[in-house]
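Each chain is listed here by its residues.
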Amino acid sequence: MRITHKVPRRIFTNQSWKCIATFLCMAMCCTRAFAFEISGAISESVAPVTQIVTAQNASAPEHVATQNILAKNVLARNAPAQDTNAPLVEPVNAAATPAAISAAIPDATPVRPLFNREKTALFLWIVFIGAAVTVSVWLAKSGRPIKIRRIAALEAVDNAVGRATEMGRSILFVPGIQDMDNIQTVAGLTMLGRVAKTAAEYDATIQVPTCRSLVMEAARDTVRASYLSAGRADGFSADRITYITDDQFGYVANVVGSMVREKPATCFYMGCFYAESLIFSETGNAIGAIQIAGTAESSQLPFFVAACDYTLIGEEFFAASAYLSGEPAQLGTLRGQDIGKFAVGVLITLGVLAATILAVAPSSAVISALLYGLQKVLGG
Amino acid sequence: MKRIIPMWIAIIGGFAMMLSSFIPLAESWGEVFANVFNVVAAIAFVLGAGSLAKQHLEKLSRRDAGWGYSIITLGSFIVTLLIGMFKIGIHPNPNFPQAAYSGSNNTEGSAWSWIYEYMITPLTSTMFALLAFFVASAAFRAFRAKNTEAILLLVTAFIVLLGRTFAGVVLTGWFPEWASGLRLENLSIYVMQVFNTAGNRAIMIGIALGVAATGLRILFGIDRSWLGGGDA
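Residues numbered from 1 in each chain as written. Chains lettered and ligands numbered in written order. Predicted model: local features only at pLDDT ≥ 70, side-chain atom pairs only at ≥ 80, totals over all residues.

If you tally the helices and strands in chain A, you get 14 helices and six strands. Buried residues in chain A amount to 41% of all 380 residues. Of the contacts made within chain A by residues no fewer than 6 positions apart, 71% connect residues no fewer than 24 positions apart. (Helix = DSSP H or I, 4+ residues; strand = E, 2+ residues; numbered from the N terminus. Buried ≥ 20, exposed ≤ 12 C-beta atoms within 10 Å, placed from the backbone. Contact = placed C-beta atoms within 7 Å.)

Residues and elements named next belong to chain A. In this model, chain A carries a mean pLDDT of 78, and residues with pLDDT of at least 70 account for 71%. Taken together, the stretch residues 33–71 has pLDDT below 50 and engages in 44 contacts with residues farther than four places along the chain or on a different chain. Low pLDDT, under 50, characterises residues 73–96; the stretch is placed with 31 contacts to residues that sit more than four places away or in other chains. (pLDDT = per-residue confidence, 0-100.)

Before going further, it helps to examine the interface of chain B and chain A. A common way to report how large an interface is uses the accessible area buried once the components associate. Tallying the contact residues gives 56 residues for chain B and 75 residues for chain A. Of all the secondary structure elements, the ones that give two or more residues to the side of chain B that touches chain A are helix 1 (4–22), helix 2 (27–62), helix 4 (111–142) and helix 7 (184–219) of chain B. Residue composition of the side of chain B that touches chain A, by class: 36 nonpolar, 17 polar and three charged. (Nonpolar A, V, L, I, M, F, W, Y, C, P; charged D, E, K, R; others polar.)

Attention now moves to the nonpolar core. Residues and elements named next belong to chain A. Core analysis: the largest hydrophobic core is formed by 100 residues, its most contacted members being Phe 173, Leu 192, Val 195, Ile 206, Ala 219, Phe 268 and Tyr 269. With ten residues, helix 7 (residues 183–202) is the largest single contributor of residues to this core. Of the domains in this structure, domain 2 (123–145 + 331–377) and domain 3 (152–326) are the two that each give at least three residues to this core. (Core = buried A, V, L, I, M, F, W, Y, C linked by C-beta atoms within 7 Å. Domains from an automatic or database assignment.)

This next bit is on the environment of Leu 216 of chain B. With respect to the helices, strands and loops of the structure, Leu 216 of chain B is situated in helix 7. If we ignore the near neighbours within four places in the chain, the residues touching Leu 216 of chain B are Gly 130, Val 133 and Thr 333 of chain A.

Residue and element names in this part refer to chain A. In spatial order, the strands read 3-2-1-4-5-6; together these six strands make up an open sheet with parallel pairing. For this open sheet the edge positions go to strand 3 (241–243) and strand 6 (310–313), each flanked by a neighbour on one side alone. Strand-to-strand twist across the sheet, computed as the mean angle between neighbouring axes with direction ignored, equals 15°. Pairing analysis gives five bridges linking strand 4 (residues 266–270) to strand 5 (residues 290–295), with the strands arranged parallel. (Pairing = 2+ DSSP bridges. Axes fitted to C-alpha atoms, helices over the stretch in contact; angles between N-to-C directions.)

Okay, the packing of helix 13 (residues 328–360) of chain A against helix 7 of chain B next. Remark: helix 13 of chain A packs on helix 7 of chain B, axes separated minimally by 9 Å, with the N-to-C direction vectors making an angle of 145°. Remark: the crossing between helix 13 of chain A and helix 7 of chain B carries right-handed chirality. Counted together, Gln 330, Thr 333, Gly 336, Gln 337, Gly 340, Lys 341 and Val 344 of chain A of helix 13 of chain A and Ile 205, Gly 206, Leu 209, Gly 210, Ala 213, Leu 216 and Arg 217 of chain B of helix 7 of chain B form the full contact between these two elements. Grouping the constituent residues of the contact of helix 13 of chain A with helix 7 of chain B by class yields five nonpolar, seven polar and two charged. (Left-handed = near helix turned anticlockwise from the far one by under 90°.)

So, about unusual backbone geometry. One non-glycine residue, Asp 203 of chain A, lies in the positive phi region at around 60°. Its location among the elements puts Asp 203 of chain A in the loop between helix 7 and strand 2 (206–210).

So, on to the packing of helix 1 of chain B against helix 7 of chain B. Residue and element names in this part refer to chain B. Axis separation between helix 1 and helix 7 bottoms out at 9 Å; the angle between their running directions is 135°. Taken together, helix 1 and helix 7 sit at an angle that is classed as oblique. Residues Ala 10, Ile 11, Gly 14 and Phe 15 of helix 1 touch helix 7, and the partners they reach there are Gly 215, Ile 218 and Leu 219. When the residues that make up the contact of helix 1 with helix 7 are grouped by side-chain class, the tally is five nonpolar, two polar and no charged. (Parallel < 35°, antiparallel > 145°, perpendicular 65-115°, else oblique.)

For helix 9 (residues 248–262) of chain A, with 15 residues, the first-to-last C-alpha span of 21 Å sits near the 21 Å given by 1.5 Å per residue. As for helix 9 of chain A, its buried residues are in contact with strand 1 (171–174), strand 2 and helix 10 (276–286) of chain A together with helix 4 of chain B. (Expected span 1.5 Å × (residues − 1).)

This is the structure we're talking about:
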């Protein structure tokens, strides 16, 4: 008799625990700050600073005006949106001496709030999307199938790299013109990691001209690690990932010149682009390269759509890395993103309905309140 | 270890930046990390300059195609670097007349300023001017009426193009008041304010959520492809 041991499937993997723990830490930190803020607001309402100051100095009428102004200034400095270096809201009476001021305000140390109330809606959105992503990752890890729609541009990556290999030409990867503090550059480098791995497997040459020296270093590390993971560490050459210049059009001149001279078979444009987007893509078109672009700059998307074979529009660009990895955890984040999009869609629909009803029946207080709330939640 | 340390730096830095946005007491954390970024970027700039010099020197030594341009690049790089470092043609700051190098590179009439104004700016403008020709060729290709969608695009583009020029006013300005909505300049505004704005906002919402999800993927350490992928 054959005995089989059924290995129990782990619902909570190390990755899931890490996600949940990180998210809980973030939520706890912010909740504590929020609680402190609420308690601070309650104590402020019970004992306003102006009343304390007035009560303490009731016998000195000439000091009271000065104290009230100073108290207002203290409150103004404590306001969340106010710059701490901003000038005082009212000038203090010139007659008030430093000694009188120090006597008037015994505790004038500005107290900064623990939570920026103006960003409450944004904070709640982040918590909501974070929760949606965490739950989706957990569900994906537990084996629940995730259906992701086909993205043509990403399906074409392997073919594009294969084409370059067959033609014996290089692949050009342009990671945008911004530095590593731009999320589009980071997304571009994650895409570079995938493309470089495929290029390493196919033994194709990949050229990465960069506009920032820090991006060059990060791109070198990314490509090196990709070649290593593809088992082709010997095929990596740091000289193919070069720094050109920080100047926008100087960079364009170099890249376009090398495109015309070397005629790469495949061009990837993944990152933050401005006016140079059309110059790159039209030059690539002229040399007959297959072109795949991705950016979150909505003003540049039409140029890429017009001149490139495939374009990753907005969110597709950020989903590219997860899509290509095929890992359940990464795909789970895409579902979390979709939950957020669905919530935004529902709120926008409600807002449109409320605005329409309000236009027909302007006296409806409930609808007015609903619309006000929606505007606050959506940041209007 | 080579992946764990960068990943944790990214996680800690990312959370610090996020918290600094919501908690005023943590505002300085964001500044600290921004300063660290600037210092690292400044160090990387030296590496970038080294890379630039290396690639062009190799090109020169191999006599590759276009090696003459490498001479110009290296020459310009060295000359500009020396002029900037030694502040050639710059008078000392009036507040510190004894200090020879106290003047700013941006001073009008300085050699560095001259290079910027009379060399870099015209060259940049020349490259930018090329865009007009590329726009024409891209528009020619995009506006070919091959199918229904392309025809719609073509018609919409002509409405917007004509509506934003005097041609639109000349062509449809005679429309009576009751049909003023059909004047090209008004149709152009309508297309931009309704259809274009709606589409643009849909893309912007998607981008915002994509940014949030990408940020969370990196902060949670789920996506490590920027480190070359694989396990830490």
